[in-house]
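Descriptive analysis of the structure
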Amino acid sequence: VFSEKKPEQRFFMEKIWNSGDRLPSAQDRAIHSLLRPERLIELIYQFIVFDNKEKKICRYQQYFAIKETVKRVTKVRGDQKRLGGVIWHTTGSGKSLTMVMMAKALALDDRIQSPRIVLVTDRVDLDDQIYKTFLACGKEAELAKAESGQDLIRLIEEEKKSIITTIIDKFESASKKKNLKVLGHNVFVLVDESHRSQYGVSHAKMVNMLPNACYIGFTGT
C-alpha cells in the first residue's frame, strides 16, 4: 500500500497503520462506501452506461436519486397507482444520464413486471438529445421516438418498444383518445424540464391519456 511513498512518508503511515487505534477518516468512509463488495457489484450491474462508446458510472447524486425513486415507486400493493415525484438536478450535473439510468433501474427491477417508459420533453432539441443519449447507451432495440400524437398512441398500444421519447405537445392530440389499451400501473412517464411542462393543462393531458401511470419529473431549476 505504501511502497510508492518516500521513506519518511512510509514510516509515518506505517506507524499509524500499525497503531490499531486510528479513527476512520473521511477518505476511509468514502472508499468503504464505494468499494464494499455489495455496492461495487451493484454499480457495475446497474449504474454504468455507455455514452458514445465512453463508459460512464453514476455520480453519488445520481445513485441516491435513483435508489430513492425506485424505493418509492415499488412501494405499492396490487394494481394501486404508484407514487411519483420530482428529481432536482443542478444544471450540467447529468440529468439526461440520470434519466437513462432510471429507465435501466426500472427495467431491471424484478418487482416491476414489463415496465413501459415514456420520456417527455418540451422542445425538439431536448427530445433529440434524450433520444440520442439512449441510442448511444445501447438502447436502440428498445427505443422509439413518437413522430406525432397518433404515432405516440400507436407506440404505447403496440407494446413493442419499452422506451418511448416524445414532446409534450404530442399529448395534445393523443390525449383526445381515452381508454387506451395500456393503462396499467407499470407505465412510467419521465418528464424532463418538468418545471415548465409537468403541471397545469399539459399535465392534465398526460394524465387524461395515461391515468394510472407513475409520473417522475426532472428539473434543473
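Structure: see above.
Residues numbered from 1 in each chain as written. Predicted model: local features only at pLDDT ≥ 70, side-chain atom pairs only at ≥ 80, totals over all residues. Heavy atoms only, no water.

So, about the packing of helix α2 (residues 26-35) against helix α3 (residues 37-46). Packed helices, taken two at a time, are described by the angle between their axes plus the distance between the axes. Running from N to C, α2 and α3 point in directions that differ by 55 degrees, and their axes come no closer than 5 Å. Taken together, the axis directions place α2 and α3 in an arrangement best described as oblique. Where α2 abuts α3, its residues Ser-33, Leu-34 and Leu-35 lie against Pro-37, Arg-39, Leu-40 and Leu-43. In the contact of α2 with α3, the residues fall into five nonpolar, one polar and one charged. (Axes fitted to C-alpha atoms, helices over the stretch in contact; angles between N-to-C directions. Helix = DSSP H or I, 4+ residues; strand = E, 2+ residues; numbered from the N terminus. Parallel < 35°, antiparallel > 145°, perpendicular 65-115°, else oblique. Contact = heavy atoms within 4.5 Å. Nonpolar A, V, L, I, M, F, W, Y, C, P; charged D, E, K, R; others polar.)

A separate point is the pairing of strand β6 (residues 163-167). Most of β6 is tucked away, with five of its five residues classed as buried. Judged by which residues are buried, β6 turns out to be covered on both faces: Ile-163, Thr-165 and Ile-167 on one side and Ile-164 and Thr-166 on the other are all buried. Summarising the sheet, strand β4 (residues 116-121) and β6 pair through five bridges and their orientation is parallel. Across the sheet, the residue bridging to Thr-121 is Ile-167, located in β6. With three bridges connecting them, strand β5 (residues 143-145) and β6 associate as parallel partners. In the strand pairing of β6, Leu-143 is matched with Ile-163. Once the chain exits β5 it traverses helix α7 (residues 149-158) before rejoining the sheet at β6, and the crossover so formed is right-handed. (Buried < 20%, exposed > 50% of the residue type's maximum accessible area, 1.4 Å probe, protein only. Pairing = 2+ DSSP bridges. Right-handed = clockwise from strand over helix to strand, strands pointing away.)

Take the sheet that holds β6 next. The strand order β3-β8-β7-β4-β6-β5 describes an open sheet built from six strands, whose pairing is parallel. Of all the strands in the sheet, the pair left with one neighbour each is β3 (85-88) and β5. When strand polarity is set aside, the average angle formed by the axes of neighbouring strands in this sheet is 20 degrees. One ladder, built from four bridges, connects strand β7 (residues 187-191) with strand β8 (residues 214-219); its direction is parallel. If you follow Phe-188 over to β8, its bridge partner there is Cys-214. Each of β4, β5 and β6 is contacted by α7, which is oriented at about 165 degrees to β6, the strand it contacts most.

What follows is about a nonpolar patch on the surface. Together, Ile-31, Leu-34, Leu-35, Leu-40 and Ile-44 make up a nonpolar patch on the protein surface, roughly 440 Å² of accessible area in all. Looking at the nonpolar patch, the elements with two or more residues in it are α2 and α3. Here the nonpolar patch gets three residues from one element, more than from any other, and that element is α2. Structurally, Leu-40 can be placed in helix α3. (Patch = residues over 30% accessible without salt bridge, like charges linked within 9 Å, V, L, I, M, F, W, Y side chains within 5 Å. Areas by Shrake-Rupley, 256 points an atom, 1.4 Å probe, with all protein chains shown as cover. Salt bridge = Lys/Arg side-chain N within 4 Å of Asp/Glu carboxyl O.)

Among the six residues that make up β4, six are buried, leaving the element largely enclosed by the rest of the structure. Residues Arg-116, Val-118 and Val-120 of β4 are buried on one face, and the alternating residues Ile-117, Leu-119 and Thr-121, pointing to the opposite face, are buried as well. Pairing geometry for β4 and β7, over five bridges, is parallel. The partner of Val-118 across the bridge, within β7, is Val-189.

Another aspect to go through is the pattern of salt bridges. With the rule as written, the count across this model stands at six salt bridges. A salt bridge links Lys-145 to Asp-128, with the nearest nitrogen and oxygen atoms 2.6 Å apart. Of this pair, Lys-145 sits in strand β5 while Asp-128 sits in helix α6 (residues 124-136), and the two are 17 residues apart along the sequence. Looking at Asp-128, the relative accessible area reads 24%, which means it is partly exposed.

This part takes up the packing of α3 against helix α4 (residues 60-73). In the contact formed by α3 and α4, the axes pass within 13 Å of each other and the chain directions differ by 90 degrees. Taken together, the axes of α3 and α4 are roughly perpendicular relative to one another. From α3, Arg-39, Glu-42 and Leu-43 reach across to α4, where they touch Tyr-63, Phe-64 and Lys-67. Class assignment of the residues belonging to the contact of α3 with α4 gives a composition of three nonpolar, no polar and three charged.

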